[in-house]
Amino acid sequence: MKHAIRLIAMMAACLILSACKVTYSFSGTSIQAEVKTVTIAEFEYKALRVNPSLANDMSEQLRNQFRRMTRLEQVDMDGDLEISGTITGYEVRATAVTANETAAQNRLTVSITVNFMNRLFPEDSFENKNFSAYADFDATQSLDAVESSLCEEILDKLIDDIFNATVAQW
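Residues numbered from 1 in each chain as written. Predicted model: local features only at pLDDT ≥ 70, side-chain atom pairs only at ≥ 80, totals over all residues. Heavy atoms only, no water.

### Describing the packing of aromatic side chains
Now for step 1: Summed over all chains, the structure comprises two aromatic pairs.
Now for step 2: Ring centres of Phe-66 and Phe-163 lie 5.1 Å apart, and the angle between their planes is 70°; on these two criteria the pair is classed as edge-to-face. Taken together, the residues span a long stretch of sequence, with Phe-66 in helix H2 (residues 54-69) and Phe-163 in helix H3 (residues 143-168) at a distance of 97 residues.
Now for step 3: Taking relative accessible area as the criterion, Phe-66 reaches 0% and is therefore assigned buried.
Now for step 4: For Phe-163, a relative accessible area of 2% gives the class buried.
Now for step 5: Residues Phe-116 and Phe-126 carry aromatic rings whose centres are separated by 5.5 Å and whose planes lie at 40° to one another, so their mutual orientation is tilted. Pair noted here: Phe-116 is in strand E7 (residues 103-118) and Phe-126 is in strand E8 (residues 126-138), with a separation of 10 residues, a long-range link. (Phe/Tyr/Trp six-rings, centres within 6.5 Å; stacked < 30°, edge-to-face > 60°. Helix = DSSP H or I, 4+ residues; strand = E, 2+ residues; numbered from the N terminus. Buried < 20%, exposed > 50% of the residue type's maximum accessible area, 1.4 Å probe, protein only.)

In short, shape yes, function no, at least from these values alone.
As structure tokens, this is what we get:
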């Protein structure tokens, strides 16, 4: 009798899970089976301090992340999922001060706003969600000397955050 109850419970669980129509993968995504395409628009750059390549780098790295980690086909327009965003902040501030009141360490912070539309499951969509990431560097170094590696580190964090918010739903 106990064996029969367990068997029925397992079969019920399988039916419930298969009815959800959510595809789980080893990459941590939970994309519904009906979702087939994604459109990732070029990010806009509206920060006061200029980094001419950051918006393009952000867009390309996000596309690469979706290529590597999902089964979705990337399309130029009207994807089942649409991601767009704006780089709103790019600033350097002192984070540590020495005894003689000079900066010992600086922090580069990049802030972005992202819009995500899921055409098939609109309840998963969001607008104007803010993301921010930073990297610290020694104040004896100029920003020009370390900017490239700092931006790479920051973009990696931002891409992971956007990816998780859109298709991993963390």
